[in-house]
Amino acid sequence: MDRQFFGNLMTHIHVMSRHRSSAAAAALSSVFSLCLLNRLVSMDPELNRSFSPSSVTLIVLLLIFSCPPAEGSFKVIGSPEPIVAAPGDDIILPCHVEPQIDVTGLTVEWSKPDLQPDPNDRLRRVEYVHLYRDAREDLDMKIAEYVQRTELFADGLTRGNISLKITNVTFEDQGRYKCFIPKLKGHLKSSIIHLSVESVTETPLQTPAPKEETDVSGDDLSMRYGLITGLCVGGFLMILLVVGAIYLYWRHKRQKQENNKQPVI
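As the structure is a prediction and not an experimental result, all values here were calculated from the model.

Asker: Give a detailed account of the sheet that holds strand E8 (residues 150–152), specifying residues and quantitative values.
Answerer: Ordered in space as E3-E9-E8, the three strands form an open sheet in which the pairing is antiparallel. This sheet does not close on itself; its edge strands, each paired only once, are strand E3 (91–93) and E8. Between one strand axis and the next, the sheet turns by 25° as a mean value, whatever way the strands run.

Asker: Give me the lowdown on the pairing of strand E10 (residues 175–180), citing residues and values where you can.
Answerer: Where strand E5 (residues 108–111) lies against E10, three bridges are found, and the strand directions are antiparallel. Note that in E10 the partner of Trp-110 across the bridge is Cys-179. Bridge count for E10 against strand E11 (residues 190–197) is six bridges, and the pairing is antiparallel. By the bridge assignment for E11, Cys-179 is matched with Ser-191.

Asker: Provide a residue-level description of the sheet that holds strand E2 (residues 83–85), including the pertinent values.
Answerer: With mixed pairing, six strands are arranged side by side in an open sheet as E2-E11-E10-E5-E6-E7. Looking along the sheet, the strands with just one partner apiece sit at the ends: E2 and strand E7 (136–137). Examined bridge by bridge, E5 and strand E6 (residues 130–133) share three bridges and lie antiparallel to one another. What sits directly across from Trp-110, in E6, is His-130.

Asker: Quick one: what's the story with the side chain of Ser-191, residue by residue and with numbers?
Answerer: Counting through the fold element by element, Ser-191 comes out in strand E11. We classify Ser-191 as buried; its relative accessible area is 13%. Here Gly-78 takes part through its backbone nitrogen, which lies 3.0 Å from a polar atom of the side chain of Ser-191. In this view, Ser-191 contacts Val-76, Ile-77, Gly-78, Cys-95, Tyr-177, Lys-178 and Cys-179; residues no more than four positions away in its chain are not counted.

Asker: Provide a residue-level description of the pattern of salt bridges, including the pertinent values.
Answerer: For the structure shown, the criterion picks out five salt bridges. As a salt-bridge pair, Asp-173 and Arg-149 come within 2.4 Å of each other at their nearest N and O atoms. A residue pair is termed long-range when its members are at least 10 positions apart, and Asp-173 in the loop between strand E9 (164–166) and E10 and Arg-149 in the loop between E7 and E8 qualify at 24 residues. Taken as a pair, Asp-173 and Arg-149 share a single burial class, namely buried.

Cut-offs used in this document
Residues numbered from 1 in each chain as written. Predicted model: local features only at pLDDT ≥ 70, side-chain atom pairs only at ≥ 80, totals over all residues. Heavy atoms only, no water. Pairing = 2+ DSSP bridges. Helix = DSSP H or I, 4+ residues; strand = E, 2+ residues; numbered from the N terminus. Axes fitted to C-alpha atoms, helices over the stretch in contact; angles between N-to-C directions. Buried < 20%, exposed > 50% of the residue type's maximum accessible area, 1.4 Å probe, protein only. Polar contact = N/O pair within 3.5 Å; in protein donor to acceptor, adjacent residues only side chain to side chain. Contact = heavy atoms within 4.5 Å. Salt bridge = Lys/Arg side-chain N within 4 Å of Asp/Glu carboxyl O.

Okay, here's the thing in structure tokens:
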């Protein structure tokens, strides 16, 4: 029984160690509390009868499943401000996943939601500005005007950076762009970024690279949130463990005192 329990414990620890999130930290603390409580109760036969390990397991499992799943915390965030450029500029449409996650194995779609399908196409297929699938760009459904003009940042994909670079922009490029990850485990799988192309007489404003914003802000917020939540949940579970141990000890001691007071026949 102990061998099977500790085997399951190590499996849970191995799985949760791959997720840097508050939910994983809380679940890991719950598993350790489950282990300690089970060992505490099993040490004394009388305590085992009054407070069974199965009830302890049920309590801690409820705490584990009450934590928000790490898979559902991801969201796609694009630039809230429109990107302004002049004809001929190279621009970057900022978009990233928060918290950071490696998206090299996922599909990333960049499209223009206001673009209607070709009426001559019987399948009514929607073409893409840029389609990343199977760890490479898929050119089969790419809009002809964007061929050899778009690219993602290969190094940034490992950190959730799905920003799109467009070279030599024209007036026809302006409009709304949608970055979308279909299989992202989260509620916000897409974001809209506006591109405005304007003629200017002065030196055009350079579009700031979103790399620092993408890599720093999401990571700092997720790490702080994970640390605070993990500490809170871990502290609560430790308090529960101490209170449970004190209660069991007090009950066991009281039961022994009552047994000593009973008259011997």
